[in-house]
Amino acid sequence: METLIFKIRLLILAWVHFRSQSGPVSLVKHFSYKDIKKATDDFRRIVYNSSKRVAYRAKFQNGYDAIVKEVRVFEDRDDTAFYREVQLLGRLHHRHIAALNGFSNGPKRFLVFKNMEKGSLKEHLSDPLMTPLNWRIRLQIAVGIAAALEYLHFFCDPPMYHVSISSSTIMLDENFTAKLCDVSLLCSVENNNPLPQSKCSKECRDEICKHTIFQLGLLILELVTGQSSEDGGVDLVQWIQDSRFRRRSIYQMIDPDLGASYDFKELKGLLAVAKMCVQSIHKPTIKTPQILWYLQKKLGRTQ
């Protein structure tokens, strides 16, 4: 009997594996273009917008709140590549990555994610009407996003290298847990391939990793200073590159919302990691596990 059960289990696992590699999208809900348009108030409820991406806050008729991201990379492709992207994103499972709940392949293509109760990180750092984030939460966000990058780069098959990291693309749930909500496949984005592929050149991966780690450095600086890094963070980059972490210099830059409610040793450790991330763009690639390990070591904590 046990042998039969074991064989049945193997068959089920094989079927699940086959379904994950090919065939129609499953376990992810399909939304019509009409539903998306209505839920986003005719695409007026913008969460963030740039030349490459735009996301909207949506509320569907059944009361479901969501974040809807328009997917532009597959505009000139058939549905096959888009379905493949949806399948792979739907398989991601990490505490600090927003779970994909649905998609739409109407006149435009969209990905639908569960809305986060506390909104975007940017809102909490820039909106004076929002509750300021305390020091503990900011540390947890930095470590959490680094852990998400490690997962995407080293524990996904294929690896997910294309990640947009900014305060706008990070959402916070009811417990202020940070969630990355802008992830896609490197090759489909950078090389405009008709289908996502699992293998990209080492040079391509290294350059993308450098840029991603640079973005993580900017995010950490924004968490510390409260200043926006989304325009390239030139002033912040110049400051961290020149900084010797003297108290006076740090006091001039730290977010006033923090007051004196932070640990100075942890603050210096966090800034040291930010400096390493920012400078890595001009040096041999530092791998994301190194960044995560260094963060945890400097802050004396693990996920």
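Please read all numbers here as calculations on a predicted model, not as lab measurements.

### Topic: the pairing of strand 6 (residues 109-114)
Moving on, step 1. The buried fraction of strand 6 is high, at five of six residues.
Moving on, step 2. With six bridges joining them, strand 4 (residues 65-71) and strand 6 adopt antiparallel strand pairing. Bridge pairing in strand 6 places Val-71 opposite Arg-109.
Moving on, step 3. Here strand 5 (residues 100-105) pairs with strand 6 via five bridges, running antiparallel. Following the sheet pairing, Ser-104 is matched in strand 6 by Phe-110.
Moving on, step 4. Turn length for the strand 5-strand 6 hairpin, with the two strands adjacent in sequence and antiparallel, is three residues.

### Observations regarding the confidence of the model for the protein chain
Moving on, step 1. For the protein chain, the average pLDDT comes to 80, and 78% of its residues sit at 70 or higher.
Moving on, step 2. No element of the protein chain has a lower mean pLDDT than helix 1 (residues 2-21), at 40, and none a higher one than strand 9 (residues 178-180), at 95.
Moving on, step 3. Scored below 50 in pLDDT, residues 2-25 makes 16 contacts in the model with residues more than four places away or belonging to other chains.
Moving on, step 4. Every residue in residues 187-198 is under pLDDT 50, and counting partners more than four places away or in other chains gives 31 contacts.

### Observations regarding the pattern of salt bridges
Moving on, step 1. If you walk through the whole model with that rule in mind, you get seven salt bridges.
Moving on, step 2. Between Glu-266 and Arg-136 there is a salt bridge, and its shortest N-O distance comes to 2.7 Å. Of this pair, Glu-266 sits in helix 10 (residues 264-279) while Arg-136 sits in helix 5 (residues 135-154), placing them 130 residues apart in sequence.
Moving on, step 3. What makes Arg-136 partly exposed here is its relative accessible area of 37%.
Moving on, step 4. Between Asp-255 and Arg-138 there is a salt bridge, with its nearest N and O atoms 3.0 Å apart. Taken together, the residues span a long stretch of sequence, with Asp-255 in the loop between helix 9 (247-253) and helix 10 and Arg-138 in helix 5 at a distance of 117 residues.
Moving on, step 5. By relative accessible area, Asp-255 is classed as buried at 5%.
Moving on, step 6. Overall, Arg-138 belongs to the buried group, its relative accessible area being 1%.

### Examining unusual backbone geometry
Moving on, step 1. For Asp-41, which is not glycine, the phi dihedral falls at a positive 55 degrees.
Moving on, step 2. One can find Asp-41 in the loop between helix 2 (33-39) and strand 2 (46-49).
Moving on, step 3. On the accessibility criterion, Asp-41 (40% relative accessible area) is partly exposed.
Moving on, step 4. Even without glycine at this site, Asp-42 takes up a positive phi of about 60 degrees.
Moving on, step 5. Here Asp-42 is to be found in the loop between helix 2 and strand 2.
Moving on, step 6. Note on Asp-42: relative accessible area 37%, which makes it partly exposed.

So, how was this worked out
Residues numbered from 1 in each chain as written. Predicted model: local features only at pLDDT ≥ 70, side-chain atom pairs only at ≥ 80, totals over all residues. Heavy atoms only, no water. Buried < 20%, exposed > 50% of the residue type's maximum accessible area, 1.4 Å probe, protein only. Helix = DSSP H or I, 4+ residues; strand = E, 2+ residues; numbered from the N terminus. Pairing = 2+ DSSP bridges. pLDDT = per-residue confidence, 0-100. Contact = heavy atoms within 4.5 Å. Salt bridge = Lys/Arg side-chain N within 4 Å of Asp/Glu carboxyl O.

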